[in-house]
Amino acid sequence: MSIELLINVTPSESRVALIENGVLQEIQLERIGNLGIVGNIYLGKISRVLPGMQAAFVDIGLDKAAFLHASDIVNSASIVEGVDEQPIKKVQDIRELVRQGQYIMVQVVKDPLGTKGARLTTDITIPSRYLVFMPDATHVGVSQRIESEEERARLKSIVGEYGDEDGSFIVRTAAEGASEAELRHDAEFLKKLWKKIVTKRKKTSKESILHEDLTLAFRTLRDYVGEDMERIRVDSKLTYEELKSFTAEFVPILSEALEYYPGERPIFDLFDVENEIQKALHRKVTLKSGGYLIIDQTEAMTTVDVNTGAFVGHRNLEETIFNTNVEATSAIARQLRLRNLGGIIIIDFIDMVSEEHKRRVLHSLESALAKDRVKSNINGLSALGLVEMTRKRTRESLEHILCDVCPACSGRGSQKTVETVCYEILREIVRVNRAYAADKFMVYAAPAVSEALLNDEYHNLAELELFIGKQVSIQTESLYSQEQFDVVMM
C-alpha cells in the first residue's frame, strides 16, 4: 500500500493529509490560538469536588474547568499530593482521593469538546518514537499490533532493563525491528524529559503548564512512523528544515522520505485534497454503484444511513442490498477517519434477510476499520438491524473545527416555511393589538415573506385589517433571515 503525507503550513494554520493509494484518508488541522492540548501536562488546582458524579473539576488555566473522574486517578504520592505528603490509598470515593484547593499534576486525554471541558487523568504517559514512558509504573507493556511472540519477548527483555524507580515503558508498534541502541536512546530521552517536568513542578506554585506536546507536523512524524511511508512533502521551507533536524535525531528512518515541495501549485491540490475536505462537510456521500450514505452528527452520537439510491443491481433484490451494504462498509470506515468522528456511532444498513449476508457485511466493516489507527469497537447487529459501534474521540471532528452553527436555523438543519412565518406574523399582530393601543402596524420581514404577504397571503392580511380595524403595512428587510420579523406599532 502506497502511503504519503502532505504537510501544508501557513502562518495561521498547519494541516496534514494522509494519502493512501492516491486517496485522502485522514486530515488533521491545528490553528494558531486554537491548538489541541491532548498530551499536555499541567499543574492544576481542584476547584470543585462532586461526590454524586465521583469526579472533580480542575482549574488548569483554561477558560473552562477540566474534568477528572475518580477512575482516572492513580495511586501515586508523586502525582497526587496527599496530606503530609503520604501516598493516597486508591479508593473509589472521590472525596478520599482529592480535596478542594489541592494542587495536582494531570494530563489532558481529551480536548474540550463543545460545551464540555477537557478530560484529564493523573496516569501520566509521555510518548516518543519507539516508547511511551509511564512514571511510577513497574511493568513493561508491548503493543498488541506486534504479533510475533519472539519479537515481543525480545523487546520486553531489552526495555525491561531501562525501568527504574522513576517509571517503566510501553513499547510502541514502531519499535518492531528497532535496535537496542535506538531503544536505549529513546528511553534516555524520555527519562530526561520526565526529570525536567518534575523539576519544573517543584518550582511551580500555581496553575500552569508543565509540558506541552509537539506541534502537529512533528507529532505526525512521531506517530505515523512504522507505516510504510513513501514520501512526506512539506510546502514550508522553515518547517522542512525543522523536521529535517527532528527526523535526523529521532526518526532517521524517515529522513529519506522527507522532501521540500516548492511547486507553484498548492500542495493540497496534488490529490484533490481541498475538494475532498469540502465533500466531507456534506451530509450525503455517494457510492460508486449509485447508492449513498447520509451522515448526521448530533451531540450524543453519529448516525449513518445506507441507501441503494440509483443502484438497481443485476440479479435480485437481496443481492443488490448485500452489494450496496458491502460497498458502504469501506466508505463508512473512510468517512469516520476523514471526518474524525468519535463516540457512539449507529449504522443503519439496508435490511438483510440472509444471516450469511449479515455476517459478511460485519466482517467487511471490521476489515475496513482495521486500517484505522484510532481504536473502535463493534457490538454487532441489534434486534432492529442496526450496527452499534464506538470510536475513540480525543479531538473535535472536522465539522466542528471548520464549521459554526447556522444562524438561520440555529443548528436544526431546517427552517420554517414562508407560509408558517406569514401566519406567525398575523398572530403576532392580533396579540400586540389586544395588548397595546396602536393606530396602525408596520411589519418588517425577509424578502420572501414580504412577497408572500403582499401576494399569496394578501386576502388573509386584508381580512385581518378588517378584523382589527387598523392598517398593516409591509416593509422588506433584505438582511433578515427567513424566520426573522418585527411587528412595530405606529
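The protein chain carries the name Ribonuclease G in an unreviewed UniProt entry, which gives Pseudoalteromonas haloplanktis as its organism. In its Sequence similarities (unreviewed entry) section, UniProt records this for the protein chain: "Belongs to the RNase E/G family. RNase G subfamily." What UniProt states about the protein chain under its Subcellular location (unreviewed entry) heading is, verbatim, "Cytoplasm".

Novice: What is the right way to read the layout of surface pockets from this model?
Specialist: Think of a ball as big as a water molecule: rolled over the atoms, this probe shows where empty space is left. Space inside the second largest pocket adds up to approximately 1,400 Å³. Lining the second largest pocket are 46 residues, and of these Gln297, Thr298, Glu299, Glu399 and His400 sit closest to its centre. Of all elements in the fold, only strand S17 (292-297), strand S18 (301-307) and helix H9 (398-402) reach the threshold of two or more residues within the lining of the second largest pocket.

Novice: Can you help me understand the sheet that holds strand S2 (residues 13-20) in this one?
Specialist: Note: strands within a sheet are paired through backbone hydrogen bonds, in either parallel or antiparallel orientation. Pairing is mixed across the open sheet formed by 5 strands, whose spatial order is S3-S2-S1-S14-S15. Looking at strand neighbours, the two that pair on one side only are strand S3 (23-31) and strand S15 (258-260), the edges of this open sheet. Within the sheet, the average angular offset between the axes of one strand and its neighbour, ignoring direction, is 20 degrees. Both S2 and S3 contribute to a ladder of 8 bridges, which runs antiparallel.

Novice: Would you mind going over the packing of helix H7 (residues 317-339) against helix H8 (residues 355-369) with me for this structure?
Specialist: Each pair of packed helices gets described by two things: the angle between the helix axes and the distance between those axes. Interhelical geometry of H7 versus H8 gives an angle of 20 degrees and a closest axis separation of 8 Å. It follows from the interaxial angle that H7 and H8 lie roughly parallel. When the axes of H7 and H8 are compared, the crossing they make is right-handed. Here H7 contributes Glu318, Glu319, Phe322, Asn325, Val326, Thr329, Ser330, Ala333 and Leu336 to the contact with H8, which in turn contributes His357, Arg360, Val361, Ser364, Leu365, Ala368 and Leu369. A breakdown of the residues in the contact of H7 with H8 according to their chemical character gives 8 nonpolar, 5 polar and 3 charged.

Novice: So what exactly am I meant to see when it comes to the pattern of salt bridges here?
Specialist: Where side chains of opposite charge bring their charged atoms close, a pairing between them can arise. Counting across every chain of the model gives 21 salt bridges. In this structure, the salt-bridge partner of Arg15 is Glu13, at a minimum N-O distance of 3.9 Å. Arg119 is the salt-bridge partner of Asp72, the closest N and O atoms lying 2.9 Å from each other. Separated by 47 residues along the polypeptide, Asp72 in the loop between strand S6 (66-69) and helix H1 (94-97) and Arg119 in strand S8 (residues 119-121) bring together distant segments of the chain. Look at Asp72 and you get buried, because its relative accessible area is 18%. Taken together, the salt bridges that share partners define one network made up of Glu13, Arg15, Arg31 and Glu274.

Novice: Looking at this structure, how should I read the side chain of Arg15?
Specialist: Checked against the element boundaries, Arg15 lands in strand S2. Polar side-chain contacts of Arg15 include one of 2.6 Å to the side chain of Glu274. Not counting chain neighbours up to four residues away, the residues in contact with Arg15 comprise Leu6, Ile7, Asn8, Gln28, Leu29, Leu216, Phe268, Glu274 and Ile277.

Novice: Just to check I follow, could you spell out the packing of helix H10 (residues 418-435) against helix H11 (residues 447-454) for this structure?
Specialist: Where H10 meets H11, the axes come as close as 9 Å, and the angle between the chain directions of the two elements is 70 degrees. In terms of orientation, H10 lies roughly perpendicular with respect to H11. Between H10 and H11 lies a crossing of right-handed hand. Every residue of H11 that contacts H10 at Val418, Val421, Cys422, Ile425 and Leu426 is listed here: Ala448, Val449, Ala452 and Leu453. Taken together, the residues of the contact of H10 with H11 sort by class into 9 nonpolar, no polar and no charged.

Novice: What should I look at first to understand the pairing of strand S4 (residues 41-50) in this one?
Specialist: One face of the sheet, then the other: side chains in a regular strand alternate in exactly this way. Pairing analysis gives 5 bridges linking S4 to strand S7 (residues 103-110), with the strands arranged antiparallel. Residue Lys45 lies in a different strand from S7, and its bridge partner there is Tyr103. Sheet topology note: the S4/strand S5 (residues 55-59) ladder contains 5 bridges and is antiparallel. Bridged to Val49 within S5 is Ala56. Counting the residues that bridge the hairpin from S4 to S5 gives 4 residues, and of these Gln54 lies at a positive phi of roughly 50 degrees.

Novice: Can you help me understand a positive patch on the surface in this one?
Specialist: A surface patch of like charges, here positive, comprises Lys110, Lys116, Lys375 and Lys392. Assignment of secondary structure puts Lys375 in the loop between H8 and strand S20 (376-381). Judged by relative accessible area, which is 66%, Lys375 ranks as exposed.

The rules behind the values
Residues numbered from 1 in each chain as written. Predicted model: local features only at pLDDT ≥ 70, side-chain atom pairs only at ≥ 80, totals over all residues. Heavy atoms only, no water. UniProt positions renumbered as here; feature names shortened; annotations may be inferred. 1 Å grid on protein atoms, 1.4 Å probe; cavity = no way out; pocket = protein on both sides within 12 Å on 5 of 7 lines; lining within 4 Å. Points joined across faces, edges and corners; volume = space filled by probe spheres on them. Helix = DSSP H or I, 4+ residues; strand = E, 2+ residues; numbered from the N terminus. Pairing = 2+ DSSP bridges. Axes fitted to C-alpha atoms, helices over the stretch in contact; angles between N-to-C directions. Parallel < 35°, antiparallel > 145°, perpendicular 65-115°, else oblique. Left-handed = near helix turned anticlockwise from the far one by under 90°. Contact = heavy atoms within 4.5 Å. Nonpolar A, V, L, I, M, F, W, Y, C, P; charged D, E, K, R; others polar. Salt bridge = Lys/Arg side-chain N within 4 Å of Asp/Glu carboxyl O. Buried < 20%, exposed > 50% of the residue type's maximum accessible area, 1.4 Å probe, protein only. Polar contact = N/O pair within 3.5 Å; in protein donor to acceptor, adjacent residues only side chain to side chain. Patch = residues over 30% accessible without salt bridge, like charges linked within 9 Å, V, L, I, M, F, W, Y side chains within 5 Å. Areas by Shrake-Rupley, 256 points an atom, 1.4 Å probe, with all protein chains shown as cover. Lys, Arg positive; Asp, Glu negative; His and termini not counted. Charge placed at Lys NZ, Arg CZ, Asp CG, Glu CD.

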